[in-house]
Amino acid sequence: MHNFRFHVMWRRENEEEFRDFFQTNDIYEAKDFAMRLAFEEVNVVYVEDTKLGERVRDFDAEKYKK
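Since the structure is predicted, the reported quantities are computational estimates derived from the model, not experimental observations.

Reading guide: rules and limits
- Note on numbering: residues in each chain are counted from 1, in written sequence order.
- Totals for whole chains, interfaces and linings use all residues, but because this is a predicted model, local features are given only for residues with pLDDT of at least 70 and pairs of side-chain atoms are given and counted only at 80 or more.
- For side-chain calculations, the full set of non-hydrogen atoms in the structure is used, while hydrogens and water are omitted.
- Helix and strand labels come from DSSP, where a helix needs a run of H or I of at least four residues and a strand needs a run of E of at least two; each type is numbered from the N terminus.
- The globule rule used for comparison is 2.2 Å times the number of residues to the exponent 0.38, while the radius of gyration itself is calculated over C-alpha atoms.
- Exposure is judged per residue with a 1.4 Å probe applied to protein chains only, and the accessible area is read against the type maximum: over 50% gives exposed, under 20% gives buried, and values in between give partly exposed.
- Whether two residues are in contact is decided by their heavy atoms: any pair within 4.5 Å suffices.
- To be clear on the numbers: accessible area is Shrake-Rupley with a 1.4 Å probe, and residue cover counts the displayed protein chains and nothing else.
- When charges are counted, neither His nor the chain ends are considered; positive counts come from Lys and Arg and negative counts from Asp and Glu.
- Every charge is mapped onto a representative atom, which is NZ of Lys, CZ of Arg, CG of Asp or CD of Glu.
- Two strands qualify as a pair provided that DSSP identifies no fewer than 2 bridges between them.
- We define a salt bridge as a side-chain nitrogen of Lys or Arg found within 4 Å of a carboxyl oxygen belonging to Asp or Glu.

Peer 1: Would you mind showing me how to read the overall build of the protein chain here?
Peer 2: From N to C terminus, the protein chain includes 1 helix and 4 strands. Counting from the amino terminus, helix and strand elements in the protein chain follow one another as β-β-α-β-β. For 66 residues, the compact-globule estimate of 2.2 N^0.38 gives 11 Å, and the C-alpha radius of gyration of the protein chain, at 12 Å, lies within 12% of that figure. Each of the three principal axes of the protein chain carries a C-alpha extent, and together these read 35 × 25 × 15 Å. Looking at the 66 residues of the protein chain, the share that counts as buried comes to 32%. Residue pairs at least 24 apart in sequence account for 47% of intrachain contacts in the protein chain once pairs closer than 6 positions are excluded. Just so you have it, the protein chain exposes about 4,800 Å², and 49% of that area is on carbon and sulfur atoms. The positive charge centre, built from 12 side chains, and the negative charge centre, built from 16, are 4 Å apart in the protein chain.

Laid out in structure tokens, this is it:
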């Protein structure tokens, strides 16, 4: 089983639980999927970095490229 670093977490506005929508090791691929999902106003999206144990705040930060 492969563990991916970045998880795109998604839910609809009227839902309470986030679901793991997409997993990747590429920060830019995670950003692309998150932006596409967030384009619809009824979606709530964030990207989780499992290596650092935090939500991604700046996709261009050096710490996500290591």
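Peer 1: What am I meant to see in the pairing of strand S3 (residues 43–49) here?
Peer 2: Two faces make up the sheet, and in a regular strand the side chains alternate between them. Of the pairings in the sheet, the one linking strand S1 (residues 6–12) to S3 comprises 7 bridges and is antiparallel in character. Bridge assignment links Met-9 to a residue of S3, and that residue is Tyr-46. In terms of strand pairing, S3 meets strand S4 (residues 54–55) through 2 bridges, oriented antiparallel. Bridge pairing links Asp-49 to Glu-54 in S4. The hairpin formed by S3 and S4 contains 4 residues between the paired strands, and Gly-53 there has a positive phi angle of roughly 65°.

Peer 1: I would appreciate a short explanation of the pattern of salt bridges in the present structure.
Peer 2: Tallied over the entire structure, the rule returns 6 salt bridges. Salt-bridge contacts for Arg-19 lead to Glu-15; the nearest nitrogen and oxygen are separated by 3.1 Å. With a shortest N-O distance of 3.7 Å, Glu-62 and Lys-65 are connected by a salt bridge. For Glu-62, a relative accessible area of 53% translates into the label exposed. With a relative accessible area of 41%, Lys-65 lands in the partly exposed category.

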